[in-house]
Amino acid sequence: METSRVEIYSYDLTYAFGTYVMSGGQVVESLASTVVRLVTDEGGEGWGEVCPLGPLYLESHAGGARAALELLAPALVGLDPTNIAAVNAAMDRTLKGHRYAKSPVDMACWDILGKVAGQPVATLLGGRLQESFPLYKAVPLGPPEQMAKYVRERKAEGIRSFQVKIGADPYEDAERVRAVAAVTDAGDKLICDANGGYRLQDAVIAGRLLEPLERVYYEQPCATLEECLYVRQHTTLPMILDEVITDTQSLLRAWQAGGMEALNLKISKFGGLTGAKFIRDLAERLGLRVTLEDSWGGDLVSAAASHLAASTSAQTLFTVSFMNDWTNEHIAGYQPRSRDGVGAAPTAPGLGVEVDWKMLGEPLFVVG
Ligand code: MG
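Reading guide: rules and limits
Residues numbered from 1 in each chain as written. Predicted model: local features only at pLDDT ≥ 70, side-chain atom pairs only at ≥ 80, totals over all residues. Heavy atoms only, no water. Helix = DSSP H or I, 4+ residues; strand = E, 2+ residues; numbered from the N terminus. Polar contact = N/O pair within 3.5 Å; in protein donor to acceptor, adjacent residues only side chain to side chain. Contact = heavy atoms within 4.5 Å. Buried < 20%, exposed > 50% of the residue type's maximum accessible area, 1.4 Å probe, protein only. Arc of directions from axis to C-beta. Salt bridge = Lys/Arg side-chain N within 4 Å of Asp/Glu carboxyl O. Donors = N, O, S within 2.8 Å, 3.2 Å for Na, K, Ca; no water. Axes fitted to C-alpha atoms, helices over the stretch in contact; angles between N-to-C directions. Parallel < 35°, antiparallel > 145°, perpendicular 65-115°, else oblique. Left-handed = near helix turned anticlockwise from the far one by under 90°. Nonpolar A, V, L, I, M, F, W, Y, C, P; charged D, E, K, R; others polar. Pairing = 2+ DSSP bridges. Phe/Tyr/Trp six-rings, centres within 6.5 Å; stacked < 30°, edge-to-face > 60°. Lys NZ or Arg CZ within 6 Å of the ring centre and 35° of its normal.

Trainee: It is not clear to me how the side chain of T291 should be interpreted in this structure. Could you clarify?
Mentor: With respect to the element layout, T291 can be found in strand 13 (residues 289–293). Separated by 2.7 Å, the side chains of T291 and T319 make a polar contact. Every residue in contact with T291, bar those within four places of it in the chain, is listed here: Y136, L263, N264, L265, F318 and T319.

Here it is as C-alpha cells:
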C-alpha cells in the first residue's frame, strides 16, 4: 500500500462560549484549523487535524502548519502510510522540527493503520483500558462572578474538572478562584492555569493565596522551567507543567528536578499520536499523571485525544478534554460526542469518525 495523494484543507473553528481569554491578554474567538487527508492507492483514506492556539501561544501558527505541509506532502507520496515510523523519518528528513505540522500526518497514518487492521486506534495505542472518562473544560479569564456562572452552567452539564484561567493580578486571580471554588463540590478539580503569564513574585503570591483553597491545582505559573521550579519550592499546591514540556529531554529535566506531579500532553506538541503515546508511556513509568488534549481542534483532534485517553489507565489520566465541545463547527458530525461531561473513544476502526466533505469545501492544495 502507498499514499497516492495528499490533500490539505482549512476551516475555521469558532469558540462555543463567546470569547476565550487567557493570561497576557490573549483572546480567541475563532481559529484556523488545518486538515490532512491521505489517500492510498488501494482506495483507503486517513484523516488528521492540527489547530494551533493562535500565533502567540506556542511556537506554532496556522500559516506555519500549511507552509510546512506544502514542503512535507511530496515526501509522503509513494510511502506506505501504515509504516508510521518510516513516514515520520521521511518527514524529519524533509523538515527539521515543526512537530505540530507533522502531527496531522501522523494522525492520518494511525487512522489508516486502524482501518487496515480493522481496529480502533485505542487498541493500537496499547489497548482500551477505559470505556469512558470524565472530561474537563477551561474557564476563560474574566470577572469572578462571570467565571463562577460559567462553572455552575458546565457543572449542570456534568463537567466536574475545570481549568481555571488565571495569570493576571495574583490578588484578583485569588478572588476569581475563590468565586469558582464556592460553586464546586467535593470531587471537583480546579486546575488554576496561568499559561506561564506570571512574573516570579506574582506566581509565589498567587500560590500562597490559593493554597488554603480545596481542590486546587497549579498549572504552568511562569514561562520558564527554572521559574516554575522556584515557585514549586514555595508552594505545596500540586503542579502541572504544560508549555515548558516540549520534548523528551525537557520532560526528563523537569522530572529529575521534581518539577511536577502531572504534565499537560498536547498531541501536536509531540508530533502526533506516535510522539504522544511515547510521552504518555514515559510519564506513566515516571509516576506522573497526564492531561490529554491538543492546543485546539475539532472532531478529528477530539477523536485522536479520545483514543489516547481510552488507552491510558485511570490512575495515570489526570484530565482530558474533547476540544469539539469548545467549538461550533463539526466536520465529522460532532463525533466523538461527550455525554453528561463524560467521553469515550469510538469503537469503529481507525479514528472511528466519518468526515463530512461538504463541511471542508475545496482543498487548499493537493499533491499526487
Ligand atoms: Mg495549560
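Trainee: When you look at helix 2 (residues 84–94) in this model, what are you seeing that I'm missing?
Mentor: The α-helix winds at 3.6 residues per turn, so residues separated by three or four positions along the chain end up facing the same way. Within helix 2, the full set of buried residues consists of I84, V87, N88, A90 and M91. Along helix 2, the residues classed as buried sweep out an arc of 160 degrees about the axis, all on the same side. Residues of helix 2 that are exposed and point over 90 degrees away from its buried face: A85, D92 and R93. Buried residues along helix 2 sit in contact with helix 1 (62–76), helix 3 (99–117) and helix 10 (273–285).

Trainee: How should the pattern of salt bridges be read in this particular structure?
Mentor: Oppositely charged side chains are able to pair whenever their charged atoms sit close together. Taken as a whole, this structure holds 22 salt bridges when the rule is applied. A salt bridge links D185 to K155, with the shortest nitrogen-to-oxygen separation between them at 2.8 Å. You can see D185 sitting in the loop between helix 6 (170–181) and strand 9 (189–193) and its partner K155 sitting in helix 5 (residues 144–156), a full 30 residues away along the chain. Connected through shared salt-bridge partners, R5, E7, R37 and E45 make up one network.

Trainee: Please explain the coordination of the magnesium ion as it appears in this structure.
Mentor: When a metal carries six donors in an octahedron, the ideal angles between them are 90 or 180 degrees, while four donors in a tetrahedron ideally lie at 109.5 degrees. Bound to the magnesium ion are the protein donor atoms D193 (OD), E219 (OE) and D242 (OD), situated 2.1 to 2.4 Å from the metal. For the magnesium ion, all donor residues lie on one chain, and their spacing in sequence is D-x25-E-x22-D. Of this pair, E219 sits in strand 10 (residues 216–219) while D242 sits in the loop between strand 11 (239–241) and helix 9 (248–256); the two residues are 23 residues apart in sequence, bridging distant segments of the chain. You'll find E219 and D242 in the same group, each marked buried.

Trainee: Teacher, can you tell me more about the packing of helix 9 against helix 10 here?
Mentor: Between two packed helices, the angle of one axis relative to the other and the distance separating the axes together describe the packing. Two elements in contact, helix 9 and helix 10, have axes separated by 11 Å at closest approach and are oriented at 15 degrees. Taken together, the axis directions place helix 9 and helix 10 in an arrangement best described as roughly parallel. For helix 9 against helix 10, the interelement crossing comes out right-handed. In this structure, helix 9 contributes T248, L251 and L252 to the contact, and helix 10 contributes F278, I279 and L282. Considering only residue class, the contact of helix 9 with helix 10 consists of 5 nonpolar, 1 polar and no charged.

Trainee: Explain the sheet that holds strand 9 to me, please; I cannot follow it from the model alone.
Mentor: Hydrogen bonding along the main chain pairs the strands of a sheet, whether they run parallel or antiparallel. Taken in spatial order, the 8 strands make up an open sheet running 7-8-9-10-11-12-13-14, and their pairing is parallel. At either end of the open sheet lies a strand with only one pairing partner, and these are strand 7 (136–139) and strand 14 (317–320). Recorded for the sheet is a direction-independent mean angle of 25 degrees between the axes of neighbouring strands. Across 5 bridges, strand 12 (residues 262–266) lies against strand 13 in parallel orientation. What sits directly across from K266, in strand 13, is E293. With respect to the sheet, helix 6 is in contact with strand 8 (161–165), strand 9 and strand 10, its orientation differing from that of strand 9 by roughly 165 degrees.

Trainee: Any chance you could explain the packing of aromatic side chains here in plain terms?
Mentor: Within this structure, the stated rule accounts for 13 aromatic pairs. An angle of 65 degrees between the planes, with centres 5.0 Å apart, marks the rings of Y20 and W296 as edge-to-face. Highlighted residues: Y20 in strand 2 (residues 20–22) and W296 in the loop between strand 13 and helix 11 (299–310), separated in sequence by 276 residues. In this pair, the class of Y20 matches that of W296, namely buried. What links up through ring pairs into an aromatic cluster is the set Y15, F17, Y20, Y136, Y150, W296 and W326. Taking NZ or CZ as reference, R154 lies 4.7 Å from the ring centre of Y150, over its face.

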